[in-house]
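Structure assessment
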Amino acid sequence: MPIVDLHAHTTFSDGTSSPSEVVHAYLMAGVQIMSITDHDTLEALPQAKELTKKAGILFVPGVEISSCEHDHLHILGYNIDPQNKLLKEALAQNRENRNIRAKKIIKQLQEAGINITEEEVFKLVRNVASRAHIADAIRNKKITSSRQEAFRKFLIPGKPGYVPNEGLKVCEVISIIKQAGGKAFMAHLGIVQEYWNFPAWVNSGLDGIEVYYPSHKQAMREELLKLAKKYNLLISAGSDHHGKKSGRDNAPGLQVPQEVFDSIKQNLCK
Ligand SMILES: [Zn+2]
Ligand SMILES: [Zn+2]
């Protein structure tokens, strides 16, 4: 079966690998079509485009945009116009919201006796701040032994460093991707099942669903395939690779049926 992967992060957001390390890992994994989908930034895309061209991998420029509805309710946008004004403004606002959120989290952690500073966190940020950078700062101080453990102990709902996300609703994100000429896909829906709202999303212009995802078991895949059929949506596959020591070191590349590969190639590869 062909191998594709339309979901990966680099050091431009919360990944631990540079674009060139990611492309190399994907080449080694035999990935035929790939995307880079950093959170709320398009900065890695020009490099990634060049690198994939040299590697002989088909490249789909992407982005993963957060919503305010849930920490993991994310929308993937493919082939968007990077110069689109509304999109650029939305991404800039999301990045600013991330900075504000990070500072609030650090303050709450300090109040709870976890002494990490803004400086210790922001020196780890290349382009887009995320909770992963706060987790890394906690780990660097040996308060925990890994990024994952820092999330579990301090950064998720109910823990002292939890601050909810602010920003756009899912339907607003979908509309922004669409008006920027892109295709909008819902990411990793298996982890946010209680928030599904297909009628509203489809109404806003949703194009597809990330059906193949490492934590989606067969029953979840089948349910999402059924919904894709019902709403006439495209199907994609993504590993959400974040690189080594990220705590989400999902192996690059997912095997998909030939017809899914053909559909991705036809609808997303330019
Ligand atoms: Zn995500
Ligand atoms: Zn992701």
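Residues numbered from 1 in each chain as written. Chains lettered and ligands numbered in written order. Predicted model: local features only at pLDDT ≥ 70, side-chain atom pairs only at ≥ 80, totals over all residues.

1. Some details on helix α6 (residues 147-155)
By the burial criterion, the buried members of α6 are Arg147, Ala150, Phe154 and Leu155. Down the axis, α6 shows its buried residues gathered within 65° of arc, on one side only. Packed against the buried residues of α6 are α3 (85-111) and α5 (131-140). (Buried ≥ 20, exposed ≤ 12 C-beta atoms within 10 Å, placed from the backbone. Helix = DSSP H or I, 4+ residues; strand = E, 2+ residues; numbered from the N terminus. Arc of directions from axis to C-beta. Contact = placed C-beta atoms within 7 Å.)

2. Describing the pairing of strand β3 (residues 58-66)
With eight of nine residues buried, β3 is to be regarded as a mostly interior element. Bridge count for strand β2 (residues 33-36) against β3 is four bridges, and the pairing is parallel. The partner of Ile33 across the bridge, within β3, is Leu58. Crossover β2 to β3 through helix α2 (residues 45-55) is right-handed. One ladder, built from five bridges, connects β3 with strand β4 (residues 74-78); its direction is antiparallel. Bridge assignment links Glu64 to a residue of β4, and that residue is Leu76. (Pairing = 2+ DSSP bridges. Right-handed = clockwise from strand over helix to strand, strands pointing away.)

3. Side note on the environment of Ala44
By the secondary structure assignment, Ala44 is in the loop between β2 and α2. Judged by local crowding, Ala44 falls into the buried class, with 27 C-beta atoms found within 10 Å. Sequence separation of Ala44 and Gly62 is 18 residues, and the distance between their C-alpha atoms is 9.7 Å. If we ignore the near neighbours within four places in the chain, the residues touching Ala44 are Thr10, Phe12, Pro19, Ile36 and Asp38.

4. Description of the nonpolar core
Core analysis: the biggest nonpolar cluster contains 73 residues, and Ile75 and Ile134 have the highest contact counts within it. Broken down by element, this core gets its largest block of residues, seven residues, from α3. Viewed by domain, this core spans two of them, domain 1 (3-89 + 171-268) and domain 2 (92-155), each represented by three or more residues. (Core = buried A, V, L, I, M, F, W, Y, C linked by C-beta atoms within 7 Å. Domains from an automatic or database assignment.)

5. Here we look at the sheet that holds strand β6 (residues 208-212)
Whether parallel or antiparallel, the strands of a sheet pair through hydrogen bonds between backbone atoms. Strands sit in the order β7-β6-β5-β4-β3-β2-β1-β8 across an open sheet of eight strands; the sheet is mixed. The two strands at the open ends of the sheet, each matched to only one other strand, are β7 (234-237) and β8 (254-255). With two bridges connecting them, strand β1 (residues 3-5) and β8 associate as antiparallel partners. Counted as the bridge partner of Ile3 is Gln255 from β8. Strands β3, β4 and β5 (183-186) of the sheet are contacted by helix α7 (residues 170-179), whose axis makes an angle of about 5° with β4. Across the sheet, helix α10 (residues 258-268) is in contact with β1, β2, β3, β4, β5 and β7; its angle to β7 comes to roughly 105°. (Axes fitted to C-alpha atoms, helices over the stretch in contact; angles between N-to-C directions.)

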